[in-house]
Amino acid sequence: MSAPWPALLLVALAASPACALAQGLAAFRVSGDAIAAPLDGKVGDAARGRAIVANRQLGLCLLCHTAPIAEERFQGDLAPNLAGAGARWNAGQLRLRLVDPQRLVPGSLMPAYHRTDGLQQVGAAWRGKPLLDAQQIEDVVAWLLTLKE
Ligand code: HEC
């Protein structure tokens, strides 16, 4: 369970000079349990989103979730199966669940993928940077929306 985190730290360190331009947080408005508008107006790409979810250094989703990504073994069972997520939730609901899950489930295990304030125990390499940028959030939302069953 702990192994991917040091790997992620190394990736973040290696990438940090190049990422300097992309570190901003998108402004967004929460209404109800959703963020209705795409972050920064980005258009998501479902194929890229799938790759982010499958990636053990980037998304880390499979540490906790099982998802319909057959080639990835050893998926997680700490969280709901992502199969059917696109039938249970609309784009805005999925967006808020990625950006800031603690708004919906205080104390949620799930990382806030696009928030930097109020986080505990954030490694130096991540301070001030979201785990996923606006485009990556939209890519993951686009893929989750394809999971209708
Ligand atoms: C450390 C564990 C963890 C990681 C990593 C994680 N999640 Fe979650 N996720 C959860 C938990 C636990 C829930 C159940 C609700 C809650 O407690 O927030 C959840 C809920 C969700 C939901 C709503 C599930 C439903 O259909 O009811 C979605 C969608 C989701 N996560 C997507 C993702 C994606 C995509 C990633 C990777 C970018 C990810 N999660 C990473 C723990 C995690």
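Residues numbered from 1 in each chain as written. Predicted model: local features only at pLDDT ≥ 70, side-chain atom pairs only at ≥ 80, totals over all residues. Heavy atoms only, no water.

Draft legend 1. Molecular detail of the coordination of the iron atom of the ligand. Around the iron atom of the ligand, the protein contributes the donor atoms His-65 (NE2) and Met-110 (SD), at 2.0 to 2.2 Å from the metal centre. Coordination at the iron atom of the ligand is octahedral: its six donor atoms span angles of 87 to 178 degrees at the metal. Pair noted here: His-65 is in the loop between helix H3 (61–64) and helix H4 (85–88) and Met-110 is in the loop between helix H5 (91–99) and helix H6 (134–145), with a separation of 45 residues, a long-range link. (Donors = N, O, S within 2.8 Å, 3.2 Å for Na, K, Ca; no water. Tetrahedral: all angles 85-135°; square planar, octahedral: opposite > 155°, others 65-115°. Helix = DSSP H or I, 4+ residues; strand = E, 2+ residues; numbered from the N terminus.)

Draft legend 2. Looking closely at the layout of surface pockets. The computed volume of the largest pocket comes to approximately 700 Å³. Sorting the residues of the lining of the largest pocket by element identifies H3, H4, H5 and H6 as the ones contributing at least two each. Considered class by class, the residues forming the lining of the largest pocket number 24 nonpolar, two polar and two charged. (1 Å grid on protein atoms, 1.4 Å probe; cavity = no way out; pocket = protein on both sides within 12 Å on 5 of 7 lines; lining within 4 Å. Points joined across faces, edges and corners; volume = space filled by probe spheres on them. Nonpolar A, V, L, I, M, F, W, Y, C, P; charged D, E, K, R; others polar.)

Draft legend 3. Region of the structure containing the packing of aromatic side chains. A complete count under the given rule lists zero aromatic pairs for this structure. A cation sits over an aromatic face here: Arg-97 above Trp-89, 3.7 Å from the ring centre. (Phe/Tyr/Trp six-rings, centres within 6.5 Å; stacked < 30°, edge-to-face > 60°. Lys NZ or Arg CZ within 6 Å of the ring centre and 35° of its normal.)

Draft legend 4. Representation of the site of the ligand. Among the 20 residues in the neighbourhood of the ligand, the closest are listed as Cys-61, Cys-64, His-65, Ser-108 and Met-110. Ser-108 is positioned such that a nitrogen or oxygen atom in its side chain is 2.6 Å from an oxygen atom of the ligand. Mapping the ligand onto the cavity grids shows that it belongs to the largest pocket. Here the shell around the ligand is built from residues that sort into 16 nonpolar, three polar and one charged. (Near = heavy atom within 4 Å. Polar contact = N/O pair within 3.5 Å; in protein donor to acceptor, adjacent residues only side chain to side chain. Sits in = over half its atoms within 2 Å of the grid points.)

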